[in-house]
Amino acid sequence: KQEVTQIPAALSVPEGENLVLNCSFTDSAIYNLQWFRQDPGKGLTSLLLIQSSQREQTSGRLNASLDKSSGRSTLYIAASQPGDSATYLCAAGTWDSWGKLQFGAGTQVVVTP
Amino acid sequence: GAGVSQSPSNKVTEKGKDVELRCDPISGHTALYWYRQSLGQGLEFLIYFQGNSAPDKSGLPSDRFSAERTGGSVSTLTIQRTQQEDSAVYLCASSSDQGSNEKLFFGSGTQLSVL
C-alpha cells in the first residue's frame, strides 16, 4: 500500500525566503505526483502535476521535482509572499490503484511579512 | 458550471439520521472522486466514478456509506445511520478523464457534524 509522508508538518519563514517542501512515497510505481494548496475552510487547488516520465514541472514561482528511484518529490516556492501562507499537500497516483490518489498529511506554511 | 459545486456547504445532523451530500462536477468531466478529511488528518479516499460506474469502492468505510452517479454528472454520497465518527469535511473532485496528465479540481466541501 502506498504511503505518502510530508515533512515538515509546519513551516514558518519570513517574506522573501525560498520555501522547500518535501514529499516522500513508498511505492515508486506511480503514474503521477500532484501538489495541491489548501486554504482554511476551502477545497484544494491543484498547483502542479508531474507525470511519471517527467522529472520536474514549473509554474511561475513554483517548481516541483520528482525522483521516483528515491521516492521523493520537492516543491520549491521562490521569493515567498504572505499570500503563499496555506497548507500544501502532495498526492501520488499508483498504477495498481488507478484513480485512488494517496495524499500526504500536508505542510502548513506561514509566511510572515 | 465554472467549478465543482458541493451542497450543502454545512450539515448538522443527529446521530442515527441519514444524510445525502451532493456533488456537481465540472461540465464534461467524466471522472469524479469523493474524499473525506477529518480534523487534523489527511485526505481519505472514499470512491471514484468513471462515467456512472464505480470501479473502486474499497475506500467506503462501512456499508452505511453508498454513492451513486447519474447521467455521468451529479453524484450523491449517502450516509445512513450517521455516527459521531462520520463528522468530517467531505470533498468532491472531478477530472476530464482518467489519463495520467489530468489534474483534479476540488469543490469547497461539505462540513458534516454529527451530534
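Residues numbered from 1 in each chain as written. Chains lettered and ligands numbered in written order. Predicted model: local features only at pLDDT ≥ 70, side-chain atom pairs only at ≥ 80, totals over all residues. Heavy atoms only, no water.

Brief notes about the sheet that holds strand β8 (residues 72–77) of chain A
All names here are of chain A. Spatially, β1-β3-β8-β7-β6 is the arrangement adopted by the five strands of the open sheet, whose pairing is antiparallel. Of all the strands in the sheet, just β1 (4–7) and β6 (56–59) have a single pairing partner and so form its edges. In this sheet, neighbouring strand axes are inclined to one another by 15 degrees on average, regardless of whether the strands run parallel or antiparallel. The pairing of β6 with strand β7 (residues 62–67) spans four bridges and is antiparallel. Residue E56 lies in a different strand from β7, and its bridge partner there is S65. (Pairing = 2+ DSSP bridges. Helix = DSSP H or I, 4+ residues; strand = E, 2+ residues; numbered from the N terminus. Axes fitted to C-alpha atoms, helices over the stretch in contact; angles between N-to-C directions.)

As for the side chain of Q38 of chain A
The residue Q38 of chain A is located in strand β4 (residues 30–38) in this model. Within the structure, the side chain of Q38 of chain A is placed 3.0 Å from the side chain of Q37 of chain B, a separation counted as a polar contact. Aside from chain neighbours lying at most four places away, what touches Q38 of chain A is G43, L44, A86, T87 and L89 of chain A together with Q37 and L91 of chain B. (Polar contact = N/O pair within 3.5 Å; in protein donor to acceptor, adjacent residues only side chain to side chain. Contact = heavy atoms within 4.5 Å.)

Describing the state of the cysteines
Residues and elements named next belong to chain A. Per the stated rule, a full pass over the model turns up two disulfides over all chains. Paired by a disulfide, C23 and C90 hold their sulfur atoms 2.1 Å apart. Here the disulfide of C23 and C90 is right-handed, its torsion about the S-S bond being about 80 degrees. Highlighted residues: C23 in strand β3 (residues 19–25) and C90 in strand β9 (residues 86–94), separated in sequence by 67 residues. The pair formed by C23 and C90 is uniform in burial state, with each residue classed as buried. (Disulfide = S-S within 2.5 Å. Buried < 20%, exposed > 50% of the residue type's maximum accessible area, 1.4 Å probe, protein only.)

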